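# Survey of secondary and tertiary structure
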Number of protein chains: 2
Amino acid sequence: MTRVLLLHPGSMGSSLGSNLVENDHKVFWVAENRSEATEERAAQADLTRAGSLAEAITEVEVVLSVCPPENAIDVGRAVAKTEFLGTYCDANAIAPSTAQGLLDIYGERYVDGGIVGPPPRVHGHTRLYLSGSNAHQIAKLFQSTRVQTEVLVNGPLAASAMKMCYAAYTKGTAALILGIRALAEHYGVSKSLQAEWSQSENSLWDRSERIGPGTSPKAWRFAPEMREIAKTFNTAELPSGFHDAAAEIYSRMASLKHEEDVETTKVLQYLLVGSATDS
Amino acid sequence: MTRVLLLHPGSMGSSLGSNLVENDHKVFWVAENRSEATEERAAQADLTRAGSLAEAITEVEVVLSVCPPENAIDVGRAVAKTEFLGTYCDANAIAPSTAQGLLDIYGERYVDGGIVGPPPRVHGHTRLYLSGSNAHQIAKLFQSTRVQTEVLVNGPLAASAMKMCYAAYTKGTAALILGIRALAEHYGVSKSLQAEWSQSENSLWDRSERIGPGTSPKAWRFAPEMREIAKTFNTAELPSGFHDAAAEIYSRMASLKHEEDVETTKVLQYLLVGSATDS
């Protein structure tokens, strides 16, 4: 049994935490400054409440960070300021060059992670890529759970690189397709594009119709993830424009966060308001 | 029977010309400053040789421009300097705002075109989108040929808009996928990405393996086409980065023009040389 601090139980984090609890680990979370929704998710996942980071950190051997990419470094720094001496695993969608900042802080105690797939409620769809000296320690925590782990041996930051490559395609093409739908709408050729895509690009129009409703609630956090991917391309001296543009697409959708079943026509209105609304 | 001047018989142009000749139209081409390869293609398509533009232009009622996008405006201007009074059709992959320059020159005599699909050697795979007052005149030329025509009624430049939307996805995603393959190679995670894509992204790895050999001979002309698409997004105040990046990817591959069956590993070497080689 390992004592783990999970920062923070969002949709993905609480589901990972639930898998750890079912594996007989004790999983803490920090209630300070978190919402009621987080409290509910943590309770449903049978996580153990701690009032503050200082209180929680003395209890645990492992910290697992699952948060929006733009907060990953702040979370890592906050933990580093405590007396924590265990293993720090960041499982966020961040560029290897961002993760380098955490490796610099924690050294061999840092495990790099990257999650591919949905919150692990069923078997076979969610993989946690891990790299670094202690990667096997984290992999072991998830043994026999609904989270499949893959330890990468191509350097300490390989897990972040894998996550960036994977999301570069899935979320990059989703943004591109929405952008093209907006382009066709602007030029008044949506009906013709529907006919062409239906004829020559097998089911692409139908796919395009599902992207708006599927991504609208998550676009606010996809935008910073796209910027991490752009950074990853830049570091490799490859063009970053695909994901700069994807970040812009998702930025324009950010205010759709709390709306449900957003139709494509509405998403296109948000995309076509021009760069003035970019956050 | 209509007398048509085709500028110029490349792979696509000669195949379109061949369809027109089979439909009993007389199709001229201009030999001045063209290569031996063009001469051969024109001969095979049964096109009629003219020594110069001035000589050809007096013979025809229609000019059909099929050339790399960066030459479209020059070709249009050269024809405008002659005494030509017929219909000018540009079927090139250019932005509506580029095509506007031709509309300004030719007015109602301008027909906007956009070709989707391969050179029309068989039925059912190639569509010629047309827009503008005289669009039906061009459509009629191709009646009962292997070129399917679609007349768009959403404004005089709708055909170019359609072509941009279509190529934005096909050539945009191809460039993105090559970029991601290069990214994975840079970070040493190609094998892991192959496993992940094979598991969760149905046949994406196999598709990625075909893109390099398929696009290498054409990348030199895809680059300016991507810049036209970027311009199309810009005009609509949508982010242009996807296709700025795609242009960069294809630019780095431009010197592979004359190589056959280029393997992915070689393409990735060209992509990973960094921005220093960008043309």
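Let us look at the structure shown here. (Residues numbered from 1 in each chain as written. Chains lettered and ligands numbered in written order. Predicted model: local features only at pLDDT ≥ 70, side-chain atom pairs only at ≥ 80, totals over all residues. Heavy atoms only, no water.)

### Looking at the overall build of chain A
- Secondary structure summary: chain A contains 12 helices and eight strands in total.
- Relative to the compact-globule value of 19 Å for 279 residues, chain A shows a C-alpha radius of gyration of 20 Å, a close match.
- Projecting the C-alpha coordinates of chain A onto the three principal axes gives extents of approximately 60 × 40 × 35 Å.
- Residue burial in chain A is summarised as follows: out of 279 residues, 58% are buried.
- The contacts in chain A between residues at least 6 apart in sequence include a share of 61% that link residues at least 24 apart.
- For chain A, the exposed area adds up to about 11,300 Å²; of that, 46% sits on carbon and sulfur atoms. (Helix = DSSP H or I, 4+ residues; strand = E, 2+ residues; numbered from the N terminus. Rg over C-alpha atoms; globule rule 2.2 N^0.38 Å. Buried < 20%, exposed > 50% of the residue type's maximum accessible area, 1.4 Å probe, protein only. Contact = heavy atoms within 4.5 Å. Areas by Shrake-Rupley, 256 points an atom, 1.4 Å probe, with all protein chains shown as cover.)

### A short note on the packing of aromatic side chains
- In this structure the tally under the stated criterion is eight aromatic pairs over all chains.
- Judged by centre distance (4.5 Å) and plane angle (5°), the ring pair of Tyr88(A) and Tyr106(A) falls under stacked. With Tyr88(A) in strand β5 (residues 87-90) and Tyr106(A) in helix α5 (residues 96-106), this pair connects stretches of sequence that are 18 residues apart. Each member of the pair, Tyr88(A) as well as Tyr106(A), carries the same accessibility label: buried.
- Ring-pair connections join several aromatic residues into one group, and the members of that group are Tyr169(A), Trp197(B) and Trp205(B).
- For the cation-ring pair, Lys257(A) lies above Trp220(A), with the distance from its terminal atom to the ring centre recorded as 3.9 Å.
- A cation over a ring is seen here: Arg181(B) above Trp205(B), with NZ or CZ 3.7 Å from the ring centre. (Phe/Tyr/Trp six-rings, centres within 6.5 Å; stacked < 30°, edge-to-face > 60°. Lys NZ or Arg CZ within 6 Å of the ring centre and 35° of its normal.)

### What to know about the interface of chain B and chain A
- The interface is formed by 57 residues belonging to chain B together with 57 residues belonging to chain A.
- Note on chain B versus chain A: buried area summed over both sides is about 4,700 Å², and carbon and sulfur give 71% of it.
- On the surface where chain B and chain A come into contact, there are two salt bridges.
- Put simply, Arg127(A) and Glu196(B) hold a salt bridge, and the shortest N to O gap is 2.6 Å.
- Our count for the chain B to chain A interface comes out at 12 residue pairs in polar contact (both at pLDDT 80 or more).
- Going through the elements one at a time, β7 (126-131), α7 (158-186), α8 (190-200), α9 (204-215), α10 (219-235) and α11 (241-252) of chain B are the ones with two or more residues in the side of chain B that touches chain A. (Buried area = accessible area lost by both parts, 1.4 Å probe. Salt bridge = Lys/Arg side-chain N within 4 Å of Asp/Glu carboxyl O. Polar contact = N/O pair within 3.5 Å; in protein donor to acceptor, adjacent residues only side chain to side chain.)

### What about helix α1 (residues 11-22) of chain B?
All names here are of chain B.
- The terminal C-alpha atoms of α1, which comprises 12 residues, lie 17 Å apart, in line with the 16 Å expected from a rise of 1.5 Å per residue.
- Most of α1 sits out of view: nine of its 12 residues are buried.
- Considered for burial, the residues of α1 that qualify are Met12, Gly13, Ser14, Ser15, Leu16, Gly17, Ser18, Asn19 and Leu20.
- Immediately downstream of α1, the backbone of aspartate 24 shows phi near 70°, a positive value. (Expected span 1.5 Å × (residues − 1).)

### Some points on the relation of the copies chain B and chain A
- Each copy of the sequence occupies a distinct position, and chain B is placed on chain A by a rotation of 180° and an axial shift of 0.0 Å, giving an RMSD of 0.0 Å. Accordingly, the operation relating the two chain copies is best matched by a two-fold axis.
- Looking at the interface residues of chain B, 100% of them are also at the interface in chain A, so both copies use one shared face. (Least-squares fit on C-alpha atoms with pLDDT ≥ 70 in both.)

### Quick look at the pattern of salt bridges
All names here are of chain A.
- As enumerated under the stated definition, the model contains 18 salt bridges over all chains in all.
- The salt bridge involving glutamate 225 is made with lysine 163; its shortest N-O contact spans 3.9 Å. With glutamate 225 in helix α10 (residues 219-235) and lysine 163 in helix α7 (residues 158-186), the pair connects residues that are 62 residues apart, well separated along the chain. The pair glutamate 225 / lysine 163 is uniform in exposure class, with both members buried.
- Bridged by salt links that share partners, the residues Lys163, Lys171 and Glu225 form one connected network.

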